[in-house]
Structures are given as C-alpha cells and as structure tokens.
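Fold and geometry: a report
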Amino acid sequence: MDGAAAETALPGSVDELARRLQAGGDSRLAQGLLAAVTQMCRLVGDLRLTPDELRAVIEFLTEVGHASDARRQEWVLLADVLGVSTLVEDLAHPRLPGATPNTLPGPFYRADVPDLPDGADLSRDGVGEVLDVTLRVRDCGGRDVAGAVVEVWHANALGLYENQEPDVQPEYNLRGRFQADAGGCVQFRTIRPRGLNLPQDGPVGRLMHRLGLRLERPAHLHFRVTAAGYDPLTTHVFDESDPAIGHDALFGVKPGLLAEFRETGARHHALDYTFVMTLAGEAGRAPPMTTER
C-alpha cells in the first residue's frame, strides 16, 4: 500500500463505541467524544505509539491536572499555547473583512473598573514612560459609533498586571472605562506596557521548553468595546516594534491589531487606533471561516 495515500485502519471498538453512543442522551457530547476518539485512534496508528509513550502522555496530563487549582489553571494555559483557545474564539466571534479581529480576553480582565472622564490618566503610580492614546470607534460602513463604551487594561512597564501583584500596584492601576463622544472618539493617558512571559514553572512550560517554543507575549493593550446594536468586541492592540511580535505564545497577533507606539519626546509615546465594529448579527452572514492551510 502506498504510504502517502494509506489511512490508518480504525479498530472495531470505534464502530462499537459509535453504536453505543447512539442510544445516549447528549448528542453534542457524544458527537464530540466520538470525533476525539476517532482522531486519537488514527494518531496512535500513524505514530505507532508505544506503551511507554502512552504512559508518558498520561503522566503529563496527570501532572497538568495536579498543577491546576483555584489560583492557577494549567489546562487553560495548555489550550492557549497550542492555539486551541484562539481557534475557538475565532469560530465563536467571526468578523467581516475590515472589522477589528476579536481575541482572547486573557485572565486579568476585571469588570468592576471605574468610569473615567475623557483624557484621564490610567497610571495611578506614575511609573513608566508616558503613552497618550487616541481611539476612534467606527463600524464597517465608516460611521462613527457615538457613545461606545471602551474598557482598557494592560500590564505595567515590568509586564505585570495590577491584580497579579495587589500589594505592589495601586487598585485599578492601568485600567479604566470610557464613553466615546459624538464622533466615536476616546482619549486617555497611560504608560507604555512591556511584553510578558507566560508561566514556565509548570508542566506546560516545561513541555514548551522541550519543544523549543517560546512563551513570550509582545507588548499590548487589552480593550473591550461595546455599543447598542453592535457585536461586543474584545481585542488587543500590539506594539508592532516589539521583538516578540512574530511569536506570540497565544497566537493573538493579527495584521489588523498592529500599531505604532510612536515616540513623541523623551519618555513620551503616542498611539492612535481605530476600532471597526460589526453590526449585531452581521458577521453571521459572512462566509464561514476555514482552518485549512
């Protein structure tokens, strides 16, 4: 048989499992389980997995479980660094061509941030290089989205979020909620964030190190933009000059999310960015996305 055209024969247990699942209750769960088992059996056959290798896989998954608790979610980290979380996000929140892409919100979002006036300073400790931000919110037709609510949060100049070190940074540091004016504009001052590294001391970090994969994230600001009649938008804006821009560990970098954090003076920078929102339900009429390469 031609090895290039050959397909691993599935064991009879897969057909038997499918027969048994037909009598079950949750069809969506059954569909997912059968698809996963089918792919795993093909993978085992293609790789000719040995008993020792299977035990190593089980030991790794067990270690991931032991490393997860109420304060740390190693399973989420694993899904993130394998690109699974980003794929699910893309499938769940399609965007029309030209619209700002959606991204993962990340683990440091807070919904209880204070409302701030236009032009406010997000930095509550004054540590870092100044970044003046000017935003505009429009829709795919080029219309300004007046009154849009824009939430922002980001890491400090050391790559750490306020809720990562509550004893060091002031409450709500580098966070805030604004309302766009009649022209869809928002302005505020903050500090230039630094990129960060994902946790490396657990089983997922050790796996990535063994594979030669980096756990860096380029510098970015997080945003959540909402407005009546529009699909909510959760996204990043990345510093295009960051050296990690080509290997974001969470696969969040997309062409439409790159921006210049331009220098305007000594320790002063500026960012201008336009969010393009999608009318509610409009993206559902767009062609379905494909994962084919």
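Residues numbered from 1 in each chain as written. Predicted model: local features only at pLDDT ≥ 70, side-chain atom pairs only at ≥ 80, totals over all residues. Heavy atoms only, no water.

1. Section: helix H6 (residues 203–211)
For an α-helix the count is 3.6 residues per turn, leaving residues at separations of three or four pointing the same way. We apply this condition: Relative accessible area decides the class of each residue, using a 1.4 Å probe on protein chains only: under 20% of the type maximum gives buried, over 50% gives exposed, and in between gives partly exposed. Segments assigned H or I by DSSP are reported as helices when at least four residues long, segments assigned E as strands when at least two residues long, and all are numbered from the N terminus. Note on contacts: a residue pair qualifies if any of its non-hydrogen atoms lie within 4.5 Å across the two residues.
Looking at H6, one finds that the buried residues are Pro203, Val204, Gly205 and Met208. Residues of H6 that are buried in the fold lie against helix H3 (51–66) and helix H4 (74–81). Looking one or two residues past H6, Gly212 carries a phi angle of roughly 75°, positive in sign.

2. A closer look at a nonpolar patch on the surface
In plain terms, the rule: Patch criteria: residues need more than 30% relative accessible area and no salt bridge. Like-charged residues are merged within 9 Å; nonpolar side chains of Val, Leu, Ile, Met, Phe, Trp and Tyr are merged within 5 Å. Residue-level accessible areas treat just the shown protein chains as cover; the underlying method is Shrake-Rupley with a 1.4 Å probe. One side-chain nitrogen of Lys or Arg within 4 Å of one carboxyl oxygen of Asp or Glu is enough to make a salt bridge.
Taken together, the side chains of Leu54, Val57, Ile58, Leu61 and Trp75 make up a nonpolar region of the molecular surface, amounting to roughly 420 Å² of accessible area. By residue number, the principal contributor to the nonpolar patch is H3, which donates four residues. Within the fold, Trp75 resides in helix H4. Classification of Trp75 as partly exposed rests on a relative accessible area of 37%.

3. Notes on the environment of Glu240
Structurally, the position occupied by Glu240 is in the loop between strand E8 (233–239) and strand E9 (258–259). For the pair Glu240 and Arg28, spaced 212 residues apart in the sequence, the C-alpha separation amounts to 41 Å. In this view, Glu240 contacts Ile245, Leu258, Ala259 and Glu260; residues no more than four positions away in its chain are not counted.

4. Points about the packing of aromatic side chains
To keep things clear, this is the line we draw: Paired rings are identified among Phe, Tyr and Trp, the last through its six-membered ring, by centres lying within 6.5 Å, and are further divided according to the angle between planes into stacked (under 30 degrees), edge-to-face (over 60) and tilted (the rest).
Counted according to the given criterion, the structure contains five aromatic pairs. Ring geometry for Phe108 versus Tyr161: centroids 4.5 Å apart, planes at 20°, classification stacked. With Phe108 in the loop between helix H5 (84–92) and strand E1 (130–139) and Tyr161 in the loop between strand E2 (149–153) and strand E3 (175–179), the pair connects residues that are 53 residues apart, well separated along the chain. Looking at Tyr161, the relative accessible area reads 2%, which means it is buried. With a centroid separation of 5.1 Å and 15° between ring planes, the pair formed by Phe178 and Phe188 is classed as stacked. On the criterion of sequence distance, the pair formed by Phe178 in strand E3 and Phe188 in strand E4 (residues 185–191) is long-range, its members being 10 residues apart. Assessed through its relative accessible area of 3%, Phe178 is described here as buried. A relative accessible area of 3% means that Phe188 is categorised as buried. Taken together, the aromatic side chains of Phe223, Tyr273 and Phe275 make up a single cluster linked through ring pairs.

5. Considering the nonpolar core
Definition in use: Definition used in this section: a nonpolar core is a set of buried Ala, Val, Leu, Ile, Met, Phe, Trp, Tyr and Cys residues joined via side-chain atoms within 4.5 Å.
If you look at the biggest cluster of nonpolar residues, it comprises 30 residues, and the most contacted ones within it are Leu135, Phe188, Phe223 and Phe275. Those elements that place two or more of their residues in this core are E1, E2, E4, strand E7 (220–226), E8 and strand E11 (268–277). Discounting chain neighbours no more than four positions away, the residues touching Phe188 are Gly119, Ala120, Leu122, Leu131, Asp132, Val133, Leu135, Val152, Phe178, Leu221 and Phe223. Judged by nonpolar contacts, the second largest core, of 15 residues, contains Val64, Val81, Val204 and Leu215.

6. A closer look at the pattern of salt bridges
As enumerated under the stated definition, the model contains 23 salt bridges in all. In this structure, Arg206 and Glu63 form a salt bridge, with 2.2 Å as the shortest nitrogen-oxygen distance. Placement of Arg206 in helix H6 and of Glu63 in helix H3 is noted, with a sequence separation of 143 residues between them. A relative accessible area of 42% means that Arg206 is categorised as partly exposed. Here Glu151 and Arg177 are joined by a salt bridge, their closest N and O atoms 3.8 Å apart. Of this pair, Glu151 sits in strand E2 while Arg177 sits in strand E3, and the two are 26 residues apart along the sequence. Residue classification places Arg177 among the buried positions, given a relative accessible area of 17%. Within the structure, one salt-bridge network assembled from shared partners comprises Arg110, Asp112, Glu162, Glu171 and Arg175.

7. What to know about the confidence of the model for the protein
Put simply, the rule reads: The predictor rates its confidence in each residue with pLDDT, a number between 0 and 100.
Put simply, the protein has an average pLDDT of 93, and 94% of its residues get 70 or more. In this model residues 1–5 is a low-confidence stretch, pLDDT under 50, and it forms one contact with partners more than four residues away in sequence or in other chains. Here residues 286–293 is a poorly scored stretch, pLDDT under 50, and it has five contacts once near neighbours within four places are set aside; other chains count.

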